[in-house]
Amino acid sequence: MALKNYNPTKTNSWYKLSEHFNASQNIVLKELFQNEENRKGKFSIVLDDLEVDYSKNKITQETIDLLVELANEVELKDAIEKYFTGEIINATEGRAVLHTALRSTNEDAILVDGKDIKPKIQTTLRKIRAFSNKVISGKWKGYTGKSITDVVNIGIGGSDLGPDMVVESLKFYKNKLNTHFVSNVDGDHVSEVLRNLNPETTLFVIVSKTFTTQETISNANTIKNWFLKSASIFDVAKHFVAVSTNLDAVYDFGIDKNNVFPMWNWVGGRFSLWSAVGLSISLAVGFDHFRGLLDGAEEMDNHFRTANFEENIPVVLALLSVWYNNFYGAETEAILPYTQYLSKLPSYLQQAVMESNGKGVDRNGEEVSYQTGTIVWGSTGTNMQHAFMQLVHQGTKLIPADFIGFKTSLHGLEDHHEKLMANYKAQMDALAFGKTKEEVHLELKTSGDLDKINSLLPYKVFQGNRPSNAILFEKLTPKALGKLIALYEHKIFVQGIIWNIYSYDQFGVELGKELAKKILKK
Ligand code: F6P
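Reading the values: rules and limits
Residues numbered from 1 in each chain as written. Predicted model: local features only at pLDDT ≥ 70, side-chain atom pairs only at ≥ 80, totals over all residues. Heavy atoms only, no water. Core = buried A, V, L, I, M, F, W, Y, C linked by side-chain atoms within 4.5 Å. Buried < 20%, exposed > 50% of the residue type's maximum accessible area, 1.4 Å probe, protein only. Helix = DSSP H or I, 4+ residues; strand = E, 2+ residues; numbered from the N terminus. Domains from an automatic or database assignment. Contact = heavy atoms within 4.5 Å. Near = heavy atom within 4 Å. Polar contact = N/O pair within 3.5 Å; in protein donor to acceptor, adjacent residues only side chain to side chain. Areas by Shrake-Rupley, 256 points an atom, 1.4 Å probe, with all protein chains shown as cover. 1 Å grid on protein atoms, 1.4 Å probe; cavity = no way out; pocket = protein on both sides within 12 Å on 5 of 7 lines; lining within 4 Å. Sits in = over half its atoms within 2 Å of the grid points. Pairing = 2+ DSSP bridges. Salt bridge = Lys/Arg side-chain N within 4 Å of Asp/Glu carboxyl O. Axes fitted to C-alpha atoms, helices over the stretch in contact; angles between N-to-C directions. Parallel < 35°, antiparallel > 145°, perpendicular 65-115°, else oblique. Left-handed = near helix turned anticlockwise from the far one by under 90°.

### Comments concerning the nonpolar core
So, step 1. Core analysis: the largest hydrophobic core is formed by 126 residues, its most contacted members being L203, W266 and F493.
So, step 2. It is helix α20 (residues 478–499) that contributes the most residues to this core, 13 residues altogether.
So, step 3. Mapping this core onto the domain boundaries places at least three of its residues in each of domain 1 (8–94 + 307–428 + 471–509) and domain 2 (112–289).
So, step 4. Dropping the residues within four chain positions of it, F493 is found in contact with L76, A79, I80, Y83, I89, F304 and Y504.
So, step 5. Grouped together as the second largest cluster of nonpolar side chains are 23 residues, V152, I223, W226 and V236 included.

### Description of the site of the ligand
So, step 1. Surveying the vicinity of the ligand reveals 14 residues, the closest of which are G158, S159, S208, T210 and T213.
So, step 2. Contact between the ligand and T210: an oxygen atom at 2.6 Å from a side-chain N or O atom of the residue.
So, step 3. Contact with the protein chains covers 86% of the free accessible surface of the ligand, which is 400 Å².
So, step 4. Taking a 2 Å distance to the grid points as the criterion, the majority of the atoms of the ligand fall inside the largest pocket.
So, step 5. Shared between two domains, the shell around the ligand takes at least three residues from each, and those domains are domain 1 (8–94 + 307–428 + 471–509) and domain 2 (112–289).

### Comments concerning the pairing of strand β2 (residues 50–53)
So, step 1. With four bridges joining them, strand β1 (residues 44–47) and β2 adopt antiparallel strand pairing. Pairing of I45 across the sheet is with V52, part of β2.
So, step 2. Linkage of β1 to β2, two consecutive antiparallel strands, is achieved through a turn of two residues, within which D48 is found at a positive phi near 50 degrees.
So, step 3. Across four bridges, β2 lies against strand β13 (residues 468–473) in antiparallel orientation. In the sheet register, V52 faces β13, and the bridge partner there is I471.

### Re the pattern of salt bridges
So, step 1. Applying the stated criterion across every chain, the model contains 29 salt bridges.
So, step 2. The partner of R95 in a salt bridge is E93, and the shortest N-O contact between them spans 3.5 Å.
So, step 3. Overall, the relative accessible area of 24% leaves E93 in the partly exposed class.
So, step 4. Linking K491 and E333 is a salt bridge whose minimum nitrogen-to-oxygen distance equals 2.9 Å. Pair noted here: K491 is in helix α20 and E333 is in strand β10 (residues 332–337), with a separation of 158 residues, a long-range link. As far as the burial class goes, K491 and E333 line up, both buried.
So, step 5. Counted as one network, the salt bridges with shared partners bring together D48, D49, E299, K479 and K483.

### Some remarks on the packing of helix α7 (residues 161–169) against helix α15 (residues 345–357)
So, step 1. Running from amino to carboxyl end, α7 crosses α15 at an angle of 155 degrees, the nearest separation of the two axes being 9 Å. Considering the angle they form, α7 stands roughly antiparallel to α15. Judged by the sense of rotation from one axis to the other, the crossing of α7 with α15 is left-handed. Seen from α7, the contacting residues are L161, G162 and M165; seen from α15, they are L345, S347, Y348 and Q351.

Structure (structure tokens):
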């Protein structure tokens, strides 16, 4: 059964939300906090090691009630079941959307074309484990009998961003292998990566669902030619492995049948890091940590599938985002992790969010008359405080922001971590509560700058009332990261359901590719 079709703006709850917005848009966060004793507790959700505090949003209980009513009216619960059980919800490509099956450890069968997909997922996981163990332990030998020291992931989009982001995020857990990523068709990218590599000790993982992507195939061929300058064609099997659905193209490239890791068309590229696309993750941090990542995601899946909408983290965050996107007219959202390890999360989420929900035609084939996909962007705290936060604090745009933090640091250095987390909290407080004219006046007065009061006062006022979510984990572990990524995957799903769009195709990237081919031919 396909997903239900409707125009969200014509629902009863949307109408009520519009009325509520008109009546409440002058809401003042500072006053809400003064008047509600336990606002933080009331608008927080705890899931084991994760606490999401969404109290610093321009909402009241009525806003949440109405947003949940909207979720119910568009039959979100039913859509979630269709997503998890393998219905063809990617209707424009005729596919199920089953990245959740990749991390599932329960016994329930999931059928695609009448066959349970769980056994092949398990077989592939075992293959990833065996291969990773062999390479990490040094038992896998290159063509001159030396062990592998470097791994190069060759892929682009979902075949690059996910593994690259996770390998960077879990750097603390890495083993002795050095992992590199080549994605851009810009020859300088591949040249730079190859510059310091030794063909005798390097393993290349070609990741391409289609195995036809111009960038990936060009880079793979360039790398193979570089390799063949010192090795022979018979050595390719020891240094090149592939992750793909297109087996014929993989064999044509010269890759040994045993060194091919399967992918399936029911896993979208941008949601594929949990599949064999994550091979470079498993190589970089070991299979147990890769499994930890999957386990964390599965915990989020179970929470998302079973929790009431009011207590459901991905649902609440998705609804809040709809509130700002469709009622307040916010165009963008900032992703602000307070750990350098997550520096690649914003670019990863740009593909996940914007390739999924950047759609202007609804599930009826009609152009939408309302806003859909948000623009996401961001960087790590505290670096971004010295870069773009000025605009977020005092600019003219409303930018809801997710602050992602960790209570404990990985390397210790307590005083650094205390400063980091003080900034994490301070930024959200400043955004929410600002600084009034009176406060600035008093400050200038007490600092003896009385003569400057008139000229400086307006510039030093912070309006505040700017929304943020605090997404706080105990510690950056593979499990916590898995949970965080799955949280955003489900947020994307919920928003696609509400906006009545197809989130799992990406026809918008095709035209540019076609034109580039034509231009190249000329
Ligand atoms: O650019 C679009 C896209 O299809 C992405 O969705 C995908 O992640 C990427 O290209 C790479 O595709 P492939 O894995 O087939 O090389």
